[in-house]
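Listed here are the chains, written in short residue letters.
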Amino acid sequence: LAAIVLLAAALRLAGIGGKSIWYDEALSLWFARRDLGSLWADTAAFDFHTPFYYGLLHFWVGLFGDSEMALRSLSAALSIASVPLVYALGRVLLGPGPAALGALAFALSMMQVWYAQEARMYALLSFSAALALYGAARVMADERQQSAGGGRAWMPWFCYVAGAAGAMWAHNTAALLPLAVNLAVLGRWLGDGAG
C-alpha cells in the first residue's frame, strides 16, 4: 500500500505547477480569496456548486499561497489521501489482494490524476465518496458481526455520515450517493432475508 500511495503521489505531483491557471481554476481562486461570509453568499449568486471546496481552499491558500502549485496541491493531497480509503474499502468488501488492485487502479487512473492537478472540487468529491462508501461497507460488515455476537462501533457510522455530507457539500450531483448506498443496503437486506 505504501508503494501504491508513493506512486499516486508521484503521478499527481509531477508537473502540477507547470500549466497556467484556466478559467474554472481562476474562479476557484476568486472565491477562495474572499472572506468567508462573501464566499458563501457569492457562491450562491455566481456558481451552481456548493461552497465547501471554496471554503477549504480559502484556508489552504492562506497557508500555502496562491501559486499554481499551491492552489492545486489541495486537490493533489485529497486525491493521494483517497488511495488508502479505496484500499480500505476494497479490503472490507473483497480482501487484501483485490483491495491492492483497486488502490493501484485508482492511483493509475488518468482521470484521477487529471482532477488531482486541478483547483476544482472533484478530488474532494472522490475523497468524500470513498470515505462514505468505506463507512457504509464497514457498517454492513459490522452488522453481520453484531448478529454473530460482535460489538458495534461508532467510527464506521461517522465515516459514512461525514463522507456523504462532505460529498454533497463538494458537488451537487453527490446527492445521489446516499440513494445508491441505501439501494445497496436494501439489496443486501433483501438478499439476506431470502437466504
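Residues numbered from 1 in each chain as written. Predicted model: local features only at pLDDT ≥ 70, side-chain atom pairs only at ≥ 80, totals over all residues. Heavy atoms only, no water.

**Focus on the environment of P156**
Counting through the fold element by element, P156 comes out in helix 9 (residues 155–170). Along the primary structure P156 and R138 are separated by 18 residues, whereas in three dimensions their C-alpha atoms are 5.6 Å apart. (Helix = DSSP H or I, 4+ residues; strand = E, 2+ residues; numbered from the N terminus.)

**Section: the packing of aromatic side chains**
In this structure the tally under the stated criterion is 8 aromatic pairs. For the ring pair W40 and W169, a centre distance of 5.4 Å and an interplane angle of 55° mean the geometry is tilted. With W40 in helix 3 (residues 36–46) and W169 in helix 9, this residue pair connects regions lying 129 residues apart in the sequence. What links up through ring pairs into an aromatic cluster is the set W30, F31, F46, Y53 and Y54. A cation over a ring is seen here: K19 above W114, with NZ or CZ 5.0 Å from the ring centre. (Phe/Tyr/Trp six-rings, centres within 6.5 Å; stacked < 30°, edge-to-face > 60°. Lys NZ or Arg CZ within 6 Å of the ring centre and 35° of its normal.)

**Overview of the nonpolar core**
With 27 residues, the main nonpolar core has Y53, Y54, L57, V61, L71, Y160 and L177 as its most contacted residues. Breaking this core down by element, the ones donating at least two residues are helix 2 (23–32), helix 4 (52–64), helix 5 (68–93), helix 8 (122–147), helix 9 and helix 10 (176–194). Those residues within four positions of Y160 in sequence are excluded, and the remaining contacts are L131, A132, G135, A136, P178 and V181. Counting 9 residues, the second largest nonpolar core, distinct from the first, contains I4, A8, V83 and F106. (Core = buried A, V, L, I, M, F, W, Y, C linked by side-chain atoms within 4.5 Å. Buried < 20%, exposed > 50% of the residue type's maximum accessible area, 1.4 Å probe, protein only. Contact = heavy atoms within 4.5 Å.)

**Topic: helix 5**
Taking 1.5 Å per residue, 26 residues should reach 38 Å; helix 5 reaches 38 Å between its end C-alpha atoms and fits that length. At L74, helix 5 shows its largest bend, some 35°. Directly after helix 5, the chain includes G95, whose backbone phi takes a positive value near 110°. (Expected span 1.5 Å × (residues − 1). Bend = angle between axes of the 7 residues up to and from the residue.)

**Side note on a nonpolar patch on the surface**
Side chains of L176, L179, L183, L186, W189 and L190 sit close together on the surface and give an oily, nonpolar patch of about 670 Å² of accessible area. Mapped onto the elements of the fold, L176 is located in helix 10. (Patch = residues over 30% accessible without salt bridge, like charges linked within 9 Å, V, L, I, M, F, W, Y side chains within 5 Å. Areas by Shrake-Rupley, 256 points an atom, 1.4 Å probe, with all protein chains shown as cover. Salt bridge = Lys/Arg side-chain N within 4 Å of Asp/Glu carboxyl O.)

**Looking at the side chain of S82**
Topologically, S82 is positioned in helix 5. On the basis of relative accessible area, S82 is assigned to the buried category, the value being 0%. At a separation of 2.9 Å, a polar atom in the side chain of S82 contacts the main-chain carbonyl oxygen of L78. Ignoring sequence-local partners within four residues, the contact set of S82 consists of F106, A123, S126 and F127. (Polar contact = N/O pair within 3.5 Å; in protein donor to acceptor, adjacent residues only side chain to side chain.)

**As for the packing of helix 1 (residues 2–13) against helix 6 (residues 96–108)**
How two helices sit against one another is set out by the angle between their axes and by the gap between those axes. For the pair helix 1 and helix 6, interaxial distance at closest approach is 9 Å and the crossing angle is 10°. Considered as vectors, helix 1 and helix 6 are oriented roughly parallel to each other. In contact with I4, L7, A8, L11 and R12 of helix 1, helix 6 contributes A100, A103, L104, F106, A107 and L108. Within the contact of helix 1 with helix 6, the residues separate by chemical class into 10 nonpolar, no polar and 1 charged. (Axes fitted to C-alpha atoms, helices over the stretch in contact; angles between N-to-C directions. Parallel < 35°, antiparallel > 145°, perpendicular 65-115°, else oblique. Nonpolar A, V, L, I, M, F, W, Y, C, P; charged D, E, K, R; others polar.)

**What about the environment of V5?**
Turning to its location among the elements, V5 is positioned in helix 1. Sequence-wise, V5 and A107 are 102 residues apart; in three dimensions their C-alpha atoms are separated by 7.3 Å. Once you skip the residues sitting within four places of it in the chain, V5 turns out to touch I80, V83 and P84.

**A few points about the pattern of salt bridges**
According to the stated counting rule, one finds 4 salt bridges in the structure shown. The salt bridge partner of E25 is R72, with a shortest N-O separation of 2.7 Å. Taken together, the residues E25 in helix 2 and R72 in helix 5 connect sequence positions 47 residues apart. Each member of the pair, E25 together with R72, is buried. Its salt-bridge partner being D66, residue R33 comes within 2.3 Å of it at the nearest N-O pair.

Shape descriptors only; they carry no functional weight alone.
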